[in-house]
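Structure at a glance
Listed here are the chains, written in short residue letters.
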Amino acid sequence: MRTISDLLFGERKSNSFASIGLLILRLIAGFGLIIHGLPKLTTPMSFAGDAFPGILQLLAVISEFGGGIALILGIFLPLVSLGASITMFVGIIFMHIPFKDPIYRITVKYSSEGDGDPFFGFPLWLAKADGHSAAGSGSAELALLYFVIALCLFFVGGGHYSLDHLLKLKTKSIN
């Protein structure tokens, strides 16, 4: 049975080929999280208004902006991935669902007027064509994508081309 310490700091194994894929995933997702968190740096404790306590908003900014940097470097990945996945999950539950954002919003008419229309018969919670929401993007797609990427990195780690891996090698060679 694995302990919490094992989950957060235990070794994750991958081969060199898989590590290249993990590096690419970390670079793209990390950069995206940085860009996602960057505008929130201007008002880190009030970007969501009164929806959440200021300290929780600050933690979200840290997990997005700082977590993006950590993903790129491949450092503290289990902890950073856990923080990013929790932040994205909270965003989906408390920011997208209350605004009735679908998971996917498809641009077909290049119009942002109104709430959107059904898309190919999919349920409205899954996909809408065009439109927007009062909360911003109008879909939970990006938050869901970051959630899944962060969750996967939590379980598999950053691979051979990460600072976590390099630090583990150094500590093994010292012992």
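I will try to describe carefully the structure that is included in this document. (Residues numbered from 1 in each chain as written. Predicted model: local features only at pLDDT ≥ 70, side-chain atom pairs only at ≥ 80, totals over all residues. Heavy atoms only, no water.)

1. A few points about the nonpolar core
The tendency in soluble globular proteins is for nonpolar side chains to be buried as a group. In this structure, L33, L71, M88 and L153 are the most contacted members of the largest nonpolar core, which totals 18 residues. Of all the elements in the fold, those that place two or more residues in this core are α2 (16-37), α3 (54-73), α4 (77-96) and α5 (141-156). Apart from the residues lying within four places of it in its own chain, the contact partners of L71 are R26, A29, G30, L33, L77, V80, S81 and L153. (Core = buried A, V, L, I, M, F, W, Y, C linked by side-chain atoms within 4.5 Å. Buried < 20%, exposed > 50% of the residue type's maximum accessible area, 1.4 Å probe, protein only. Helix = DSSP H or I, 4+ residues; strand = E, 2+ residues; numbered from the N terminus. Contact = heavy atoms within 4.5 Å.)

2. Some thoughts on the side chain of T87
Inspection of the secondary structure assignment puts T87 in helix α4. Classification of T87 as buried rests on a relative accessible area of 15%. A distance of 2.6 Å separates polar atoms of two side chains, one belonging to T87 and the other to S63. (Polar contact = N/O pair within 3.5 Å; in protein donor to acceptor, adjacent residues only side chain to side chain.)

3. Focus: a nonpolar patch on the surface
Together, F17, I20, I24, L27, I28 and Y161 make up a nonpolar patch on the protein surface, roughly 650 Å² of accessible area in all. By the secondary structure assignment, L27 is in helix α2. Given the relative accessible area of 37%, L27 is considered partly exposed. (Patch = residues over 30% accessible without salt bridge, like charges linked within 9 Å, V, L, I, M, F, W, Y side chains within 5 Å. Areas by Shrake-Rupley, 256 points an atom, 1.4 Å probe, with all protein chains shown as cover. Salt bridge = Lys/Arg side-chain N within 4 Å of Asp/Glu carboxyl O.)

4. Observations regarding the packing of α2 against α3
Between α2 and α3, whose axes approach to 7 Å, the crossing angle comes to 160°. Taken together, α2 and α3 sit at an angle that is classed as roughly antiparallel. Relative to α3, the crossing made by α2 is left-handed. Contacts between α2 and α3 pair R26, L27, A29, G30, F31, L33, I34, H36 and G37 from the former with E64, F65, G68, I69, L71, I72 and L73 from the latter. For the contact of α2 with α3, the residue count by class is 10 nonpolar, 4 polar and 2 charged. (Axes fitted to C-alpha atoms, helices over the stretch in contact; angles between N-to-C directions. Parallel < 35°, antiparallel > 145°, perpendicular 65-115°, else oblique. Left-handed = near helix turned anticlockwise from the far one by under 90°. Nonpolar A, V, L, I, M, F, W, Y, C, P; charged D, E, K, R; others polar.)

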